[in-house]
Amino acid sequence: MVEFVAIFCCGSFFGAALYITLAQHPAALEVGPSFAGRFFGPMYRRAAAMQVALAALGTLAGLGAWWHGSGFAWLAGALLLFAVVPFTFIRIMPVNNQLLAPGRDPEASDTEALLRRWGGLHAVRTALSGLAFVLLLGALTFR
């Protein structure tokens, strides 16, 4: 059961991150930086709550699978999924804090550059969770 939970949470995290990276964020920027700047706050609040839960539960389940003897790939996958947490705090949060600053004008001249930087950093989260998902699927398939 913990293996299923780990794969479900990791796959859901990866799927959401991939959608944001490839579709949602570029589309918001395509409409214009003013729109994207206004859209970012509500989008981020909703996505962050979901992704924090998925990363935490997926990591714990992956660690549980490893602890109960399912193999090293479960540990590696869990740690890769967990890696999105410190990466977010260290690299993405400074950009988030600028974009979400109280009273920030979405029409500010640096909005587009901040949003593009955020998109590139978010792509790293997507890659980390994608690698974790592949590892966990492989661990389940090749036992």
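In the block above lies the structure referred to throughout.
Residues numbered from 1 in each chain as written. Predicted model: local features only at pLDDT ≥ 70, side-chain atom pairs only at ≥ 80, totals over all residues. Heavy atoms only, no water.

**Some thoughts on the overall build of the chain**
- The helix and strand inventory of the chain stands at five helices and zero strands.
- Sequence-ordered secondary structure for the chain, helices as α and strands as β, is α-α-α-α-α.
- Considered along the principal axes of its C-alpha atoms, the chain spans approximately 55 × 25 × 20 Å.
- Taking contacts inside the chain between residues at least 6 apart in sequence as the whole, the part at least 24 apart equals 78%.
- Accessible surface, the chain as shown: approximately 7,600 Å² in total, 72% of it carbon and sulfur.
- Separation between the mean location of the 9 positive side-chain charges and that of the 6 negative ones in the chain comes to 8 Å. (Helix = DSSP H or I, 4+ residues; strand = E, 2+ residues; numbered from the N terminus. Contact = heavy atoms within 4.5 Å. Areas by Shrake-Rupley, 256 points an atom, 1.4 Å probe, with all protein chains shown as cover. Lys, Arg positive; Asp, Glu negative; His and termini not counted. Charge placed at Lys NZ, Arg CZ, Asp CG, Glu CD.)

**Looking at the nonpolar core**
- By size, the foremost hydrophobic cluster in this structure holds 17 residues, and its most contacted members are Ala6, Cys10, Phe13, Trp74, Leu81, Val84 and Leu136.
- If you list the elements that add at least two residues to this core, you get helix H1 (2–31), helix H2 (33–67), helix H3 (72–82) and helix H5 (111–141).
- With residues up to four places along the chain from it excluded, the contact list for Phe13 reads Gln51, Leu54, Ala55, Leu81, Val84, Arg125 and Ser129. (Core = buried A, V, L, I, M, F, W, Y, C linked by side-chain atoms within 4.5 Å. Buried < 20%, exposed > 50% of the residue type's maximum accessible area, 1.4 Å probe, protein only.)

**Quick look at the packing of H2 against H3**
- Remark: H2 packs on H3, axes separated minimally by 8 Å, with the N-to-C direction vectors making an angle of 160°. Regarding the angle of H2 to H3, the classification is roughly antiparallel. As for how H2 packs across H3, the hand of that crossing is left-handed. In contact with Leu54, Ala55, Gly58, Thr59, Gly62, Leu63, Ala65 and Trp66 of H2, H3 contributes Phe72, Trp74, Leu75, Ala78, Leu81 and Phe82. (Axes fitted to C-alpha atoms, helices over the stretch in contact; angles between N-to-C directions. Parallel < 35°, antiparallel > 145°, perpendicular 65-115°, else oblique. Left-handed = near helix turned anticlockwise from the far one by under 90°.)

**A word on the packing of aromatic side chains**
- The tally for this structure, following the rule as stated, stands at six aromatic pairs.
- With 6.1 Å between their ring centres and 35° between their planes, Phe14 and Phe133 make a pair best called tilted. Of the two residues, Phe14 is situated in helix H1 and Phe133 in helix H5; the sequence distance between them amounts to 119 residues.
- Centre to centre, the rings of Phe40 and Trp118 are 5.1 Å apart; their planes meet at 85°, and the pair counts as edge-to-face. (Phe/Tyr/Trp six-rings, centres within 6.5 Å; stacked < 30°, edge-to-face > 60°.)

**Considerations on the environment of His25**
- One can find His25 in helix H1.
- With relative accessibility at 9%, the residue His25 sits in the buried group.
- Along the backbone, His25 and Ala36 are 11 residues apart, and their C-alpha atoms lie at a distance of 7.9 Å.
- Beyond its immediate chain neighbours, meaning those up to four positions away, His25 contacts Ile20, Leu115, Trp118 and Gly119.

**Focus: the pattern of salt bridges**
- Applying the stated criterion across every chain yields a total of two salt bridges.
- The residue Asp110 makes a salt bridge to Arg104 at a minimum N-O spacing of 2.7 Å.
- Take Asp110: its relative accessible area is 32%, and that puts it in the partly exposed class.
- A relative accessible area of 23% means that Arg104 is categorised as partly exposed.
- In this structure, Arg116 engages Glu112 in a salt bridge whose closest nitrogen and oxygen atoms are separated by 2.9 Å. Here Arg116 pairs with Glu112, and both are found in helix H5, just four residues apart, close to one helical turn.
- Given a relative accessible area of 31%, Glu112 falls into the partly exposed group. (Salt bridge = Lys/Arg side-chain N within 4 Å of Asp/Glu carboxyl O.)

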